[in-house]
Amino acid sequence: MTWYPHRRIRAVPDGLLGPLGLLLCAGLLEAAPRLGLVPAAYLPPLSETAAALADEAAGGAFWSALADTLRGWGYGLAVAAAAGVGLGLVIGGAAPLRRVTASTIEFLRPIPSVALVPLAVLLYGTGQTSTLLLVVYASVWPVLLQVLAGVRDVDPVARDTAAGFRLSWWLRLRHLVWPTTLPFLMTGLRLAASVALILAVTAQLVIGAPGLGREIARAQAANAVDRMYALVVVTGLLGVAVNAGARALERRVLFWHASVRKEAAA
Amino acid sequence: MTTRARVSPPAALARRGRLEVEGLAKTYRGKRRTFEAVRDLTFTVEAGELACVVGPSGAGKTTLLRCIAGLLPPSAGAVRLGGEPVLAPPPGMAVVFQEYARSLFPWLTVAQNVELPLRQKKLPKAARHGLVERSLAAVGLADVPGAHPWQLSGGMQQRVAIARALAYEPDVLLMDEPFAAVDAQTRAELEDLTRSLWHELRMTVLFVTHDIDEAVYLGEQVLVLSASPTVVLDSVAVDLPARREQLATRALPRFAELRAEVFTLIQRAKTYHTAPPAGEARA
Ligand SMILES: Nc1ncnc2c1ncn2[C@@H]1O[C@H](COP(=O)(O)OP(=O)(O)OP(=O)(O)O)[C@@H](O)[C@H]1O
Ligand SMILES: [Mg+2]
């Protein structure tokens, strides 16, 4: 007889495991401070954080901070995506250009965006533009590298087919290179979207540019621990939303890709 | 529309569709190894003829085809289509590849796949749609224009690739082991489809295969290649009736004779470079 240890877990349906885990976590966060396992001054019970969150949502400052963060994230991501795609298609399209730029890219890419904080402040002070600079710098790399990989991935048989039918440069780009690159681009965008959010909040936290990050710093300075946690939870929720949005977009755009295809009537 | 009708008088077709391969050689030069794939190929396919090329696996059939298509520069020799040297993919030539799944674009529908080359030809929309519809109907796929290639069976996908080539209205159609990856039934159907389309359209067809039966059944001429470095061993004229039929034609005594003849040549092809016939000095 074979015994499958993992079978026992199946007593709970798969779809419920995730919510169940969240619920357990929430229970722990509520119970631990109340039981005195952690000092409530540093980690207030979840219910208090939730109450603080409700207070925040009632005020206008929170919403404008949220809008600032989303704006810094969105604009930065858009600029990074446009630059990454443009550069990627141009560099990837020409082998000599690829070889010339490879070392430069390998040098610039590992520089942590946060190391550019002084530069950003020097250039743009503590305004939105500083956030934008850091966000763009951090999120352009995943897009660029993925597009470069995508352009190189064009199937040789498909390439021969396009050449055999004498397709023009534009038709090849539009109907062969671009669709081949799309799955790579989607992965790059998903990574960039997360990185952009991290950098947007970091810039506001460190530089004091307007946004959720600055609100977190202020709440901490004012010793409003529950408010601080409430804002942290919001940034976490943003991250989840960004990732879910990116995945949904991926499934829509890549309906033809082997990883997404579903049976559909012709 | 004021473009001239594409009804080709025999003389014009003779000019356009004649395929000449002369002294063609291809040596692959890599960093680590040089490999002489094709040594010396010379043959002519007359305009409107259906010729088959057979050779053992690795003989350089794909190499030959890519050179003819202008996709690969030969190391020596020349390819001429309608008298013009082929230096890049020429107009009026279409290729059907063995790997249909990779040759069709999965992000386009069947109809869009067939239409794409026509957009390069700058045909007006109505003309494009007419051609797409007719060529899909010709391969028996009139009812799936909106499907994506990956929703179709292998045989259907290869039909789409054939329809795409037909819609392009080529003077010369090159086919590289197009039916090697489909089951026997589908294969028989596609062979008959190829014959009947050729009958109807009278373009030049060069059909590459490693299957002797297929070569004899389809071709008017069978070119037998040696193992690589490749040379043409012989050319067998196929004097079977023009209208062929899977069971009846294959049952003809003449079919068996031709098959045996090509088979013997292929056997020789495999050992051509290791055991030269007596009296023939090796270079
Ligand atoms: N790009 C390449 N670089 C180096 N060698 C190659 C290259 N392409 C093909 N060859 C070699 O040339 C020879 C002929 O290859 P080719 O693909 O033309 O054969 P084939 O007759 O089409 O074979 P098959 O029947 O298996 O399709 C092979 O030995 C192969 O290893
Ligand atoms: Mg081959």
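The following refers to the structure shown. Values in this document were obtained by computation on a predicted structure and should not be read as measured data.

Moving on: the interface of chain A and chain B. Contacts between the two partners involve 23 residues from chain A and, on the opposite side, 26 residues from chain B. Broken down residue by residue, the surface that chain A buries against chain B is led by A:Phe165, A:Arg166 and A:His175, which jointly contribute 29%. In this structure, the connection of chain A to chain B is made through 2 salt bridges. For B:Arg102, the salt bridge identified is with A:Asp155, shortest N-O distance 2.8 Å. Those elements giving two or more residues to the side of chain A that touches chain B turn out to be helix H7 (156–164) and helix H8 (169–207) of chain A. Here the side of chain A that touches chain B is composed, by residue class, of 13 nonpolar, 5 polar and 5 charged.

Turning our attention to the nonpolar core. Counting residues in hydrophobic clusters, the biggest one holds 113 residues, and the most contacted among them are B:Val222 and B:Val262. Excluding residues that lie within four positions of it along the chain, B:Val222 makes contacts with B:Cys52, B:Val54, B:Ala215, B:Val216, B:Asp234, B:Ser235, B:Val236, B:Val238 and B:Val262.

To continue, consider the sheet that holds strand S10 (residues 230–237) of chain B. Residues and elements named next belong to chain B. What the 10 strands build is an open sheet, ordered S5-S4-S1-S2-S10-S9-S3-S8-S7-S6; its pairing is mixed. One side of each edge strand has no neighbouring strand; the edge strands of this open sheet are strand S5 (84–85) and strand S6 (93–96). As paired elements, strand S1 (residues 19–29) and strand S2 (residues 34–45) share 8 bridges and run antiparallel to each other. Along S2, the bridge assignment pairs Val-21 with Phe-43. Running over the sheet, helix H6 (residues 154–167) touches S6 and strand S7 (172–176) and is turned about 175 degrees from S6. The sheet strands contacting helix H7 (residues 184–201) are strand S3 (50–54), S7 and strand S8 (204–209), and the helix crosses S8 at an angle near 160 degrees.

Moving on to unusual backbone geometry. Glycine aside, a negative phi is what most residues show, and trans is what most peptide bonds show. Residues and elements named next belong to chain B. If you check the backbone angles, Lys-122 has positive phi at about 60 degrees while not being a glycine. Here Lys-122 shows up in the loop between helix H4 (110–120) and helix H5 (125–138). On the basis of relative accessible area, Lys-122 is assigned to the exposed category, the value being 65%. Backbone geometry at Arg-202 places phi at a positive 55 degrees, although glycine is not the residue there. Secondary-structure assignment places Arg-202 in the loop between H7 and S8.

On to empty space enclosed by the protein. With the rule as written, the count across this model stands at 3 cavities of 30 Å³ or more. Of the pockets and cavities examined, the largest cavity occupies roughly 50 Å³. In this structure, the largest cavity is lined by A:Thr161, A:Phe165, A:Leu167, B:Phe105, B:Asn113, B:Leu116, B:Pro117 and B:Arg164. Ranked by residue count, the leading element in the lining of the largest cavity is H4(B), at 3 residues. Counted as a void, the second largest cavity has a volume near 40 Å³. Forming the walls of the second largest cavity are B:Ile162, B:Leu173, B:Met175, B:Thr194, B:Leu197, B:Trp198, B:Met203 and B:Val205. When contributions to the lining of the second largest cavity are tallied by element, the ones reaching two or more residues are S7 and H7 of chain B. For the lining of the second largest cavity, the leading source of residues is H7(B), giving 3 residues. Taken together, the residues of the lining of the second largest cavity break down into 7 nonpolar, 1 polar and no charged.

Take the pairing of S8(B) next. All names here are of chain B. Judged by how many residues are buried, S8 sits mostly within the fold: 6 of 6 residues are covered. Judged from the 5 bridges that link them, S3 and S8 form a sheet pairing that is parallel. Its bridge partner being in S8, Leu-50 is matched across the sheet by Val-205. Strand direction decides the pairing type here: S7 and S8, joined by 5 bridges, are parallel.

Before going further, it helps to examine the site of ligand 1. Residue and element names in this part refer to chain B. In the neighbourhood of ligand 1, the contacting residues comprise Tyr-28, Arg-33, Phe-35, Ala-37, Ser-57, Gly-58, Ala-59, Gly-60, Lys-61, Thr-62, Thr-63 and Glu-177. Here a nitrogen atom of ligand 1 and a side-chain polar atom of Tyr-28 are 3.3 Å apart. Contact between ligand 1 and Ala-59: an oxygen atom at 3.1 Å from a main-chain N or O atom of the residue. Within the complex, 63% of the 630 Å² of free accessible area of ligand 1 lies under protein. Residue assignment for the shell around ligand 1 shows that the elements contributing at least two residues are S2 and helix H2 (61–68). In terms of residue count, the dominant contributor to the shell around ligand 1 is H2 (3 residues). Split into classes, the residues belonging to the shell around ligand 1 amount to 4 nonpolar, 5 polar and 3 charged.

Moving on: a nonpolar patch on the surface. A contiguous nonpolar patch, built from A:Leu17, A:Leu20 and A:Leu24 and spanning about 270 Å² of accessible area, is present on the exposed surface. Its place among the elements puts A:Leu17 in helix H1 (residues 14–34).

What follows concerns the side chain of A:Thr101. Residue and element names in this part refer to chain A. Along the chain, Thr-101 falls in helix H4 (residues 95–108). Owing to a relative accessible area of 18%, Thr-101 belongs among the buried residues under this scheme. Within the structure, the side chain of Thr-101 is placed 3.2 Å from the backbone oxygen of Arg-98, a separation counted as a polar contact.

Conventions and cut-offs
Residues numbered from 1 in each chain as written. Chains lettered and ligands numbered in written order. Predicted model: local features only at pLDDT ≥ 70, side-chain atom pairs only at ≥ 80, totals over all residues. Heavy atoms only, no water. Contact = heavy atoms within 4.5 Å. Buried area = accessible area lost by both parts, 1.4 Å probe. Salt bridge = Lys/Arg side-chain N within 4 Å of Asp/Glu carboxyl O. Helix = DSSP H or I, 4+ residues; strand = E, 2+ residues; numbered from the N terminus. Nonpolar A, V, L, I, M, F, W, Y, C, P; charged D, E, K, R; others polar. Core = buried A, V, L, I, M, F, W, Y, C linked by side-chain atoms within 4.5 Å. Buried < 20%, exposed > 50% of the residue type's maximum accessible area, 1.4 Å probe, protein only. Pairing = 2+ DSSP bridges. Axes fitted to C-alpha atoms, helices over the stretch in contact; angles between N-to-C directions. 1 Å grid on protein atoms, 1.4 Å probe; cavity = no way out; pocket = protein on both sides within 12 Å on 5 of 7 lines; lining within 4 Å. Points joined across faces, edges and corners; volume = space filled by probe spheres on them. Near = heavy atom within 4 Å. Polar contact = N/O pair within 3.5 Å; in protein donor to acceptor, adjacent residues only side chain to side chain. Areas by Shrake-Rupley, 256 points an atom, 1.4 Å probe, with all protein chains shown as cover. Patch = residues over 30% accessible without salt bridge, like charges linked within 9 Å, V, L, I, M, F, W, Y side chains within 5 Å.

Purely geometric stuff here, so don't read any function into it on its own.
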